[in-house]
Structures are given as C-alpha cells and as structure tokens.
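Residue-level structural notes
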Amino acid sequence: MSYNPVLAFFLSFIPGVGHLYVNRKVRGFLYGAGTVGSILIGIFGTFMVGYEEPFLVGLIFAFFVGVINVLDMIIFLLRNNKHNQHQQVIQTEEGQVVSVRTDDSDRFYTIILSFIPGLGHFQLGLINRGLTFLIGFFGLGTMVVFISVFTDQGAFMVFLGILPVIWVYNMFDAVQLVSKKQRGEELVDKTILEDFEETRREQGRKSKTLATVLAIFPGAGHLYLGLQKRGIQLMAAFLFAIYILDVLRLSLFLFLIPIIWFYSFFDALQKVSKHGEEELEDVPVVSYIVNHQKWVGFGLIALGLYYLLVNVVLPTVGPMVAKVFHFDIQYFYYTYFQGTIICILLIGGGLKLMVGSKKRKENA
C-alpha cells in the first residue's frame, strides 16, 4: 500500500489515525482506544470518587500513550521510508547495480527528525550546530523548571515561551540547510553564534538579526546594542514586576507584565532599525532613578524591612501575641495590612502625578 509519509506523520498526532492510514490497523486501534479510554476512565473515576485526581491521572496516561504513538510512527517511517520514496539506480565501475536514497528521501529524514531540535542537523552531519539547538532547547526548559520549583515561584514559567521560538527557528534552519545540500552547496558545521559573528564582521557592525532575537527577552537586545542603562532598566522592570506581583498576589496588575514586554520589544526593534545609520544614545527609560539614587536606596531599605517583617518578625512574634493577647496578628497583616499599604501607595502616586501635572501647566 502506497502512502504519503509526511501526511502519515502529521496524522499520527491524532492517536491511532496515522497508523490506520498506513494500514497498521491493530496498532491504530490500540493507540486510539488507549488514549480515549484513559480519558473516559478518568472522567468516570472523577464522578465516582468526587475529586479530580482520577481525571488528572487519566490525562497523564493518555498523554504518554499519544507520545508513544508518535514515536512509533516516526520509527516506522524512518525504517520503511526507502519503500515509499523514489530510488535512483546506479551502476558502479565493477558492474554492480545498487540503489541509493534520493534527495527527496534525505529531505524527508531531515524534516521528520527536526521535530526534536538538533536531530535534523545531526542527520545532515552538522554536529556542533545540532548540539546548539538541542542544548539550547532542553537546557533552557530544564533550567526554567528547576528555578521555578527551587524558588517556589511559578511566575518564572513564563520564560518557557522562548522554547517555541527556538523550535521554529530550528525547523526553519534545518529546511534551509537541506535545500542548500540539494543544490550541491557545501555545508559548514558552525554554531548559530558563529554565523551571527561572521555577519557582524562582514557588515562591520553588530548583527541586527541577533539583536532582534535577543529582544524577545526584555532588555537583552538593548544590552547587545550597547544601551546598558536602558537595557538594565527594562530587564529589571520585567523581572521585578513578575516577582513582586507573584509575591504580593496582585493579580489585578498582571497586565503590566505584557505592557513592559511589548514596550521593550518594539523599542528594541526601533533601535535595531537605526543601528548603523545613526549613533544610538543610551537614554534611560526612567531618568528620575538615575538623578535620584537616594530615593532608590530608600526603596531598597523599605523592601528589605518588608521581607524582614514577613519572614522573621511575624513568624516569631505572631504566635506569642496570639497566645498572650488572643489576637492573630498574622491574619490581620495578610488580610488587611498588605491591601492597605497598596491602596496608600496607589493614592499617593496618583496625587503625585496630579500635583506634578498642575505645576508643569503653571510653569508653561
């Protein structure tokens, strides 16, 4: 039975369907029934016991069945690809007739393997380039998960959004390289950073492509372009906003995080477009901080006192006060005090802006 291997691969993302398409009926039925059955059993178990754990277990089991289903399809296609691809028959000098894999087959192998970052480059013999994608993808994912678990701060999981960018670039780069190979061009095993460095040397300035890629993380693109003050402020604002909003549980202000990200990203794109055409001036986003470092120092002292109060004073004094005066000071603090301080800061900031605006109008 003839089949399209690329279509079979994509159909395999629906458990069982890809295997049915290539006439592997038993495996298709088992994978499909295993996935759907796990979910149904989980739902039934949830209704029976009254809590969600059976459903979560069913989802996890269904996920693993789906992953095994896709891996099984990839192994099947790689082993049997020679029967479904065009083959070229050649005759050696000794008179022997042999068949070799064509460029279409090589392209198929590379694209399929590239779904795991780096493996497509290994297929092309580009070990260093493949290791760059493999370590970059899985290393970043492991580091983000480790830091999130170690610090017990789930907000760091937002950096997993970089992984799809690496994955897409890996696929795009692998397709470009296999096309070069089919055109007869020589492939050089270089890392991505070496490519950017060569581009920078040829153009005599820093790579706009690398600056754009780094701009995905707030402030990194500015730092690469030499705008240290602006880059550090944007990076600190983004990370500090995530940490503070998560610690204080101020979900009302979570909209600030995407605002900072978009501002940083598009500001970096503007700087990249001007780079090489005019001199870039490192102007801080908030010049008030640079000119009034004393207030920054007061803010850091206040933040230190706050963490001293929360982590040392309250856990130590709270039980003693509750025992002697029958007053739960910790409950009062977490229920009312935090909200009151936030309200005072917001009202004070609003009044400051109103007074400053009025003074500017009078001066004008």
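Moving on: the pattern of salt bridges. In this structure the tally under the stated criterion is 5 salt bridges. Measuring nitrogen to oxygen at the nearest pair gives 2.7 Å for the salt bridge that ties Asp-72 to Arg-27. Taken together, the positions of Asp-72 in helix H4 (residues 53–84) and Arg-27 in helix H3 (residues 25–49) put the pair 45 residues apart, joining distant regions of the chain. Overall, the relative accessible area of 13% leaves Asp-72 in the buried class.

Right, let's get into H3. The end-to-end C-alpha distance of H3 is 35 Å, a good match for the 36 Å that 25 residues give at a rise of 1.5 Å each. Taken residue by residue, H3 has Gly-28, Tyr-31, Gly-32, Thr-35, Ser-38, Gly-42 and Gly-45 as its buried positions. One or two positions beyond H3, positive phi appears at Gly-50, with a value near 90 degrees.

Inspection of the secondary structure puts Ser-114 in the loop between helix H5 (103–113) and helix H6 (119–123). Judged by its relative accessible area of 1%, Ser-114 falls in the buried class. Setting aside residues no more than four positions away along its own chain, Ser-114 makes contact with Gly-120, Trp-167, Asn-170, Met-171 and Ala-174.

For the structure on display, the rule yields 9 aromatic pairs. Seen from their ring centres, Phe-137 and Phe-138 are 5.1 Å apart, and the 80 degrees between their planes marks the pair as edge-to-face. For Phe-137, a relative accessible area of 16% translates into the label buried. Given a relative accessible area of 42%, Phe-138 falls into the partly exposed group. Note on Trp-261 and Phe-265: the rings are 5.1 Å apart at their centroids and 5 degrees apart in plane angle, and the pair reads as stacked. A residue pair is termed a helical-turn pair when its members lie 3 or 4 positions apart in one helix, as Trp-261 and Phe-265 do in helix H13 (residues 256–274) at 4 residues. Among the residues examined, Trp-261 registers a relative accessible area of 24% and is labelled partly exposed. Among the aromatic residues, those joined into a cluster by ring pairs are Trp-261, Phe-262, Phe-265 and Phe-266.

Reading guide: rules and limits
Residues numbered from 1 in each chain as written. Predicted model: local features only at pLDDT ≥ 70, side-chain atom pairs only at ≥ 80, totals over all residues. Heavy atoms only, no water. Salt bridge = Lys/Arg side-chain N within 4 Å of Asp/Glu carboxyl O. Helix = DSSP H or I, 4+ residues; strand = E, 2+ residues; numbered from the N terminus. Buried < 20%, exposed > 50% of the residue type's maximum accessible area, 1.4 Å probe, protein only. Expected span 1.5 Å × (residues − 1). Contact = heavy atoms within 4.5 Å. Phe/Tyr/Trp six-rings, centres within 6.5 Å; stacked < 30°, edge-to-face > 60°.

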